[in-house]
Structure formats: C-alpha cells, structure tokens
Amino acid sequence: DSDLVSGVGNAGAVVVEAPGQFFHAKLGDSFKQIDIPLVEGVRYKKATVEFDMYVDRFPGGSFAGVTSLRRTDRTMYYGLIVRGGRSKAILAMGRDDDIVSGNSGPWKERTNYRLVFEYDLVTARLTFKTIRNGTLVETLAGPINHHDLSKNGKIVRVDFGMSGVADGAYFPPIGWRYSNLKITFEPQE
C-alpha cells in the first residue's frame, strides 16, 4: 500500500493524497480508515474525495460496502454500497433519504472505475460520479443532511471497505483494489 501524503494546498485547503494502490481488501484485512488532518476552528465549505477502484468479484451477499465519509461524533456525511447482482448503487446520505440508482447501474466485475464525491456546503448538495474508461457512466446527487464539515474536536475520516459482515446483507469488498486517492477540504473564505 502506498504512503499517504498530506499538506496544505491552494487557499489553505487540506489535501491528502495516496498515489498508486493504497488499499487491497483481503480476508482478514478488508477495512481501512484515513483520518483527515483538518485544522480545529476552521470551517470547510467543500470536501472532494476521489479515487480509482478495481471491482474484482461481487461478494456472495447482497451488498458490498465501498466507502464513507464520517466524523467520530456519529456524523455520516455519505456512504456508498453497491449491489452487484442488480448493478445498483446506494448512496447513503447519513439519514433515511438514501439516493438509489435503478437496477441498470454501471457496476461490473473485473472492471476499473474512478469515483468522485463532492460534498458541497455552498450548494447544499452531494454529487457522486462514476467514471469507467474515462467516460461518465452514472451521477447521483441529492441534498446534504449535515451542514458542518468542521473538525469540532473530533476526527473526520474516510473509510474504505468493511471489517466484516453487517446485518447479514453488507459484505466486505474482498479482492477490490483502491488507488490514486485525493481528498481535498476547502476552507470557507
């Protein structure tokens, strides 16, 4: 797995990058968390999380847990799960108003994707894009539920995969590989 590089980008943005492969979900090692080094007291207006993902095989269960953005006070900004058999994506919004693509999503086994999540407080929207072979194949978007991207004395982190089976229906993405991560938090002016 590649090393994380974090620092300050343009206009004080917090940037975390991991060039190359940073996570390969395997039996016994199917979950990774990356803490974002946000600055206490700074309010952020937008978080962008993007990475490449190779989908090996879909889990034997109903859904594969892909990724989420959370704060350790139980705030979930978003979570993504994929149902392989129906090629369906579900974008959990942190409350009961998930955004679901129909049964004709772009998800295929043994395929590379670029995933882009934009959590934007200015527009109050979350936009998720799925790109395959350089072509946009799906966009899901909806209103955000949490209007505070600040640290607030807690840890903000991005999760990848799952540590085990949840509720008998959500499974780790065994064999899936994650690479070329870039996370950017832009401060408010």
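Treat the numbers as computed from the prediction; the structure is a model and nothing was measured.

Caption draft 1: Local environment of the overall build of the chain. When helices and strands are tallied, the chain shows 0 helices and 14 strands. If you list the helices and strands of the chain from N to C, you get β-β-β-β-β-β-β-β-β-β-β-β-β-β. Split into buried and exposed, the 189 residues of the chain put 50% on the buried side. Taking the intrachain contacts of the chain between residues at least 6 apart in sequence as the baseline, contacts between residues at least 24 apart amount to 64%. Summing over all exposed atoms, the chain offers an accessible surface of approximately 8,900 Å²; the carbon and sulfur share of this is 45%.

Caption draft 2: How the structure looks around the pattern of salt bridges. Across all of its chains, the model carries 7 salt bridges by this definition. With its nearest N and O atoms 3.1 Å apart, the salt bridge here joins Arg 114 to Asp 52. Here Arg 114 is found in strand β9 (residues 111-120), whereas its partner Asp 52 is found in strand β4 (residues 44-55), with 62 residues between them in sequence. For Arg 70, the salt bridge identified is with Asp 159, shortest N-O distance 3.2 Å. Separated by 89 residues along the polypeptide, Arg 70 in strand β5 (residues 63-71) and Asp 159 in strand β12 (residues 156-161) bring together distant segments of the chain. Look at the salt bridges and you will find they share partners, linking Arg 43, Arg 71, Asp 73 and Asp 148 into a network.

Caption draft 3: Spatial organisation of the sheet that holds strand β2 (residues 14-24). The 7 strands lie next to each other as β1-β2-β14-β4-β9-β10-β11, forming an open sheet whose pairing is antiparallel. Only two strands of the sheet have a single neighbouring strand rather than two, namely β1 (5-8) and β11 (135-143). For this sheet, the mean inter-axis angle between neighbouring strands, taken without regard to orientation, is 10°. With 9 bridges joining them, β4 and strand β14 (residues 177-187) adopt antiparallel strand pairing. Its bridge partner being in β14, Glu 50 is matched across the sheet by Lys 182.

Caption draft 4: Representation of the pairing of β11 in the model. Relative to β11, strand β10 (residues 125-132) runs antiparallel, the two being bridged by 8 bridges. Note on β11: the bridge partner recorded for Arg 125 is Pro 143. In sequence, β10 turns back onto β11 through a hairpin of 2 residues, with Asn 133 there showing a positive phi of about 55°.

Caption draft 5: Highlighting the packing of aromatic side chains. Following the criterion strictly, the structure yields 14 aromatic pairs and no others. Aromatic side chains Trp 107 and Tyr 113 sit 4.7 Å apart centroid to centroid with 45° between the ring planes, which places their arrangement in the tilted category. Considered together, Trp 107 and Tyr 113 belong to a single accessibility category, that of buried residues. Where Phe 117 meets Phe 128, the ring centres are 4.6 Å apart and the plane angle is 25°; that geometry is what we call stacked. Residue Phe 117 is located in strand β9, and its partner Phe 128 is located in strand β10; the two are separated by 11 residues in the primary sequence. Comparing Phe 117 with Phe 128, the two get one shared label, buried. What links up through ring pairs into an aromatic cluster is the set Phe 22, Phe 23, Phe 51, Tyr 78, Phe 117, Phe 128, Phe 160 and Tyr 178. Lying over the aromatic face of Phe 63, Arg 83 brings its terminal NZ or CZ to 5.4 Å of the ring centre.

Caption draft 6: Geometry of the side chain of Thr 127. Here Thr 127 shows up in strand β10. Excluding its chain neighbours within four sequence positions, the residues that come into contact with Thr 127 are Val 116, Phe 117, Glu 118, Thr 139, Leu 140 and Ala 141.

Caption draft 7: How the structure looks around the nonpolar core. Ranked by internal contacts, the top residues of the largest apolar core, which has 45 residues, are Ile 36, Phe 51, Trp 107, Leu 115 and Phe 185. Among the elements that take part in this core, β4 stands out by supplying 6 residues, more than any other. With sequence-adjacent residues up to four places away left out, Phe 185 is seen in contact with Ala 13, Val 14, Ile 36, Leu 38, Tyr 44, Lys 46, Ala 47, Leu 69, Leu 149 and Val 156.

Calculation rules
- Residues numbered from 1 in each chain as written.
- Predicted model: local features only at pLDDT ≥ 70, side-chain atom pairs only at ≥ 80, totals over all residues.
- Heavy atoms only, no water.
- Helix = DSSP H or I, 4+ residues; strand = E, 2+ residues; numbered from the N terminus.
- Buried < 20%, exposed > 50% of the residue type's maximum accessible area, 1.4 Å probe, protein only.
- Contact = heavy atoms within 4.5 Å.
- Areas by Shrake-Rupley, 256 points an atom, 1.4 Å probe, with all protein chains shown as cover.
- Salt bridge = Lys/Arg side-chain N within 4 Å of Asp/Glu carboxyl O.
- Pairing = 2+ DSSP bridges.
- Axes fitted to C-alpha atoms, helices over the stretch in contact; angles between N-to-C directions.
- Phe/Tyr/Trp six-rings, centres within 6.5 Å; stacked < 30°, edge-to-face > 60°.
- Lys NZ or Arg CZ within 6 Å of the ring centre and 35° of its normal.
- Core = buried A, V, L, I, M, F, W, Y, C linked by side-chain atoms within 4.5 Å.

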